[in-house]
Amino acid sequence: MSKRIFSGAQPTGQLHIGNYLGALKNWVALQDAYECFYCIVNLHAITLPQEPATLKKATLDLARIYLAAGVDPERSTIFIQSDVPQHAELAWVLSCIARMGELERMTQFKDKGKGNAERAGVGLFTYPILMASDILLYQTDLVPVGQDQKQHLELSRDLAERFNRDYGETFKVPEPYIPKAGASIKSLQDAEKKMSKSDENPAGSIFLLDDADTITKKIKRAVTDSGVGVEFDETRPAINNLLIIYQLVTDKTADECVAHFEGKMYGQFKTELAEAVVEFLRPFQERVKQYDDTTLREILDRGAERARSEASRTLKDVYSRTGIN
Ligand code: TYM
């Protein structure tokens, strides 16, 4: 039996090139060797306030993005989280074995809750439990994510191990799959911060649906470091970040990138980077327009049916082991 992959993204805000290079690109590549489940996690989205009509539209738009990036519905299961009620059901069971202390240590809660736990939503606090439930329901081997999800993955592993120890072997303990290059693409305006959907300054992110002009302007205005030379150098995080983006969109090796830009100035580098990003996104942007809502619904309904059949098997086992059913 081939090994299982599970991953997902939230239908909130606009997806950016960090989401693509840190996650989606690997989802597509892993389809050849694994059985993959790719989920649109709309239940996670409401941990922060969402406008209902916008959320509904963003959910279908995210399915379009998965498909346009190359997730193949003939090989992989693509579905909406809320179409599979077992996610919320298992999350309840796991919340009964998770500990306040381990959730309090989650750095994303501290960031998104803006350090004010009194005012933060309880769903934002328990969010990593729902994520663990997503992963564990499918007996997942590997979870391709960016660096920012690593701590959540560790919690998923801890919960799986605890449940297995307390109730008997039930869950596969998942491994993270975090790419060597691209796991944390930084903001174009501040290389200390990751590129983020929730950044108030759109100049920091290259959105997947930005047109060529906008992409070029954003790259031209991207911050650089003092010093010269276009090299992979963590002490010059801004240039380092831009060069990683260049490497991933061109599929060149690190050595080829460095050789290509030897002796060139930042201006020349930015011009070539902008062209490379535009070329990389062009076919994707054309494909995004191809899927009408009816086709999408069909794909998502088929995906949900397949996901429910897998998820219900695990949940049944969990209920029987805990004495619920
Ligand atoms: P989300 O929607 O914030 O992001 C989707 C994926 O994009 C990655 N990512 C990045 N990678 C590199 N550089 C960046 N700047 C960058 N920003 C985001 C994220 O790491 C992620 O892989 N909690 C998850 C969604 C989720 C999930 C799951 C993922 C829910 N359940 C189960 C895996 C398995 C999230 O909010 O991702």
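For clarity, every value in this text was computed on a predicted model and none was experimentally measured.

Let's talk about the pattern of salt bridges
Okay, so step 1: This structure, assessed with the given rule, holds 26 salt bridges.
Okay, so step 2: Note that R64 and D61 form a salt bridge whose closest N and O atoms lie 2.6 Å from each other. With a gap of three residues between them, R64 and D61 both fall in helix α3 (residues 52–69), about one helical turn apart.
Okay, so step 3: In this structure R64 comes out as buried when scored by relative accessible area, which is 12%.
Okay, so step 4: Of the charged contacts, one joins K217 and D213 as a salt bridge, the two residues approaching to 3.5 Å between their closest N and O atoms. Pair noted here: K217 and D213 are both in helix α9 (residues 212–221), with a separation of four residues, about one helical turn.
Okay, so step 5: By relative accessible area, K217 is classed as partly exposed at 43%.
Okay, so step 6: The network of salt bridges with common partners includes R4, E35, R306, E310 and R313.

Describing the site of the ligand
Okay, so step 1: Residues in contact with the ligand amount to 28 residues; listed here are only the nearest, Q10, Y127, D134, G146 and D148.
Okay, so step 2: Taking Q10, its main chain carries an N or O atom lying 2.8 Å from an oxygen atom of the ligand.
Okay, so step 3: Separating an oxygen atom of the ligand from a side-chain N or O atom of N19 is a distance of 3.1 Å.
Okay, so step 4: When the ligand sits alone it has 710 Å² of accessible area, and the protein chains cover 97% of it.
Okay, so step 5: Elements supplying a minimum of two residues to the shell around the ligand: β1 (4–9), α1 (17–30) and α7 (122–136).
Okay, so step 6: Among the residues making up the shell around the ligand, the classes are represented as 12 nonpolar, 12 polar and four charged.

Observations regarding the packing of α1 against helix α10 (residues 237–250)
Okay, so step 1: Contact geometry for α1 and α10: axes closest at 11 Å, N-to-C directions at 50°. With respect to α10, the element α1 is oriented oblique. Between α1 and α10 lies a crossing of left-handed hand. For the pair α1 and α10, contact is made by I17, L21 and K25 and by I245, L248 and V249, respectively.

How each quantity is defined
- Residues numbered from 1 in each chain as written.
- Predicted model: local features only at pLDDT ≥ 70, side-chain atom pairs only at ≥ 80, totals over all residues.
- Heavy atoms only, no water.
- Salt bridge = Lys/Arg side-chain N within 4 Å of Asp/Glu carboxyl O.
- Helix = DSSP H or I, 4+ residues; strand = E, 2+ residues; numbered from the N terminus.
- Buried < 20%, exposed > 50% of the residue type's maximum accessible area, 1.4 Å probe, protein only.
- Near = heavy atom within 4 Å.
- Polar contact = N/O pair within 3.5 Å; in protein donor to acceptor, adjacent residues only side chain to side chain.
- Areas by Shrake-Rupley, 256 points an atom, 1.4 Å probe, with all protein chains shown as cover.
- Nonpolar A, V, L, I, M, F, W, Y, C, P; charged D, E, K, R; others polar.
- Axes fitted to C-alpha atoms, helices over the stretch in contact; angles between N-to-C directions.
- Parallel < 35°, antiparallel > 145°, perpendicular 65-115°, else oblique.
- Left-handed = near helix turned anticlockwise from the far one by under 90°.
- Contact = heavy atoms within 4.5 Å.

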